[in-house]
Amino acid sequence: GQISLKSPQDIQVYVLNTNFTLRWNYTGDDTNVTFSAEYQLLEDFETNETEWKEVPGCQNVTHMECDFSSAITEYYDKHHVRIRAERREEVSPWSSIFEMIPYFIAQIGPPGIELQSVNGVIKIKVSPPEANQVQKMWIDDLSFTYNLVIWENASNAEFRSQSIFPTDVIDDLAPETTYCLKVQAVLPLDSQEGLFSPIHCVKTTRKVNDLLCATNVSVLALNMKFYLHWNNQYKQHVSYNVQYLIGYLKKLHDDYSVKWLNVPGCENITDTQCNLSSIITTTSGFYYLRVQAMSEYNKSCFSNEVKVDPLVTNEIGPPGVKVDISDVLLHIQISPPGGSESEVMRDHYDLSYRILYWKKSPNIEEEIKMKEIKQTIGTVSDLTPSTLYCVKVQAFSEAYNKSSRFSKEECIKTPGDKMLPLIILATFVTALIAVLLLAMPLLFAMYQAYSKIKYVFFPSCQLPLNIEGFEEQLFSSPYLPATEEPIENCSIIETIITEEVNQIGFKDYKHSKQSSGDSGNYSNDDDTSGNKVSEETLEKEIV
């Protein structure tokens, strides 16, 4: 009743393209022991009740590996695999289950390559890893890219890596030199690298220098205006055709040599430049260009190819700048490179602007200040009045690591300081008010002193003429002592129109005079004769 056979351990499945290999280890006595495997396809992940099936090619095997490629046809579904040991009628328990989804554990196989050495270059053609197979793990061959590693077949050789198309040309090689190379397929979207192809070696030939061929072919582009330029080293008559190829055609495994097209306006020309704006109208994709030179003897020669990726090849031109000024701000209005119609420059490059501004003085070198903005309108504050400010702007794109030349220098002078007249006026008014406040008490004191002096030395009250005469008699009286100072006598005389009123007033007057004589306010008690004369005089005036 005892079980003597052990279960296999360390179950692994290796997948290369669509080739499946099952491997395991066995630590028990393997005398006359065979192994058999089963698999289970789980199309519905929610249930595990799928029936187990025998793995074709993995039944009663004596080695610890077997090929079961024919059993797996669903590469995106989950599979379970298990194995056990057998000896005649005796069997071991099943091993632990190995779970897999074939696509996620598959290894990309090596691609196929063909080489041809001609005119100093190596032409290479690459086949996808599963070329000519009906069952494919990698359905879309166009999703592959290819890495090439090449080196001279010599000791201490330097390895060079580059990305190539399925059909490509390897140049910049030494003539009559043996080169070895290998190619690897890559799935960029899955970040998955395949196995390298077997190493192939080939010897280069000497390149024939044909003077008819156009040389130094290059593309110059500014603000999405593209021009192709080249040099002519042929001394006789020559004409040119400029041809282009849409870039994605090189990604195909088909022969694209017959798909080159002539650039409109650049057919059978004698100039050494061509306007490409008619064909490069979008920013997506890329283009290849070449120049075909033709002599008068119907001989032709193609130049090297030039790749054009519009947004990478293009250079950003300087922006337009206008400046204006207000009381406290310098306003900078920026026009994107290429003008207002160039939507490509605005939308695809995500432009920013670097503004340099400074005070311009003929004698003093002022510090240049900088600010960066995303908008096409900028402002500068903290301006100095009556000063010349200069501005220049540079456009740049961080995404493409590109920057333009600076725009032309634009200068404008700030207005004079409007606060100075206001400060002067406010100072004047304040000083005037202070002077008035200080002068008013002084004027008032002077007025009071003047009033006192006038009252003392120039009294405003003057005696009537009759009293003045009386005073003269009084002062000349022999009875008045010489040492006694004269006393001023004043009387109020009222004229009564009616007789009755005159009599009453006269009586009252005499009574008041008598009283005032007693008090001494208006008369002199010692001068009785003066009183009598005064009474007589008053009676005459009243009558």
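Check the entry above for the structure.
Residues numbered from 1 in each chain as written. Predicted model: local features only at pLDDT ≥ 70, side-chain atom pairs only at ≥ 80, totals over all residues. Heavy atoms only, no water.

**Topic: the state of the cysteines**
A full pass over the atoms with the stated rule returns five disulfides. At a sulfur-sulfur separation of 1.8 Å, the disulfide partner of C58 is C66. Taking the sign of the torsion about the S-S bond as the criterion, the disulfide between C58 and C66, at about 100 degrees, is right-handed. Each member of the pair, C58 as well as C66, carries the same accessibility label: buried. Disulfide pairing is shown between C390 and C411; the S-S distance is 1.9 Å. One quick way to see it: the torsion about the S-S bond of C390 and C411 is about 105 degrees, and its sign makes the bridge right-handed. With C390 in strand β31 (residues 388-397) and C411 in strand β33 (residues 410-413), the pair connects residues that are 21 residues apart, well separated along the chain. Among the cysteines of the protein chain that take part in disulfides, numbered as they appear in the sequence, the pairing is 1-2, 3-4, 5-8, 6-7, 9-10. (Disulfide = S-S within 2.5 Å. Buried < 20%, exposed > 50% of the residue type's maximum accessible area, 1.4 Å probe, protein only. Helix = DSSP H or I, 4+ residues; strand = E, 2+ residues; numbered from the N terminus.)

**Points about the pairing of strand β2 (residues 19-25)**
Walk down a regular strand and you will see the side chains alternate between the two sheet faces. Note: strand β1 (residues 9-16) against β2, six bridges, orientation antiparallel. Note that in β2 the partner of L16 across the bridge is N19. Joining the antiparallel neighbours β1 and β2 is a turn of two residues, in which N17 adopts a positive phi near 55 degrees. Bridging between β2 and strand β5 (residues 65-67) involves three bridges; their strand directions are antiparallel. Residue pairing in the sheet places T21 in a bridge with D67 of β5. (Pairing = 2+ DSSP bridges.)

**Section: unusual backbone geometry**
The backbone phi angle of N32 is positive, close to 55 degrees, even though this residue is not glycine. With respect to the secondary-structure elements, N32 resides in the loop between β2 and β3 (34-42). Looking at N32, the relative accessible area reads 53%, which means it is exposed.

Remember, this is a structural readout, not a statement about activity or role.
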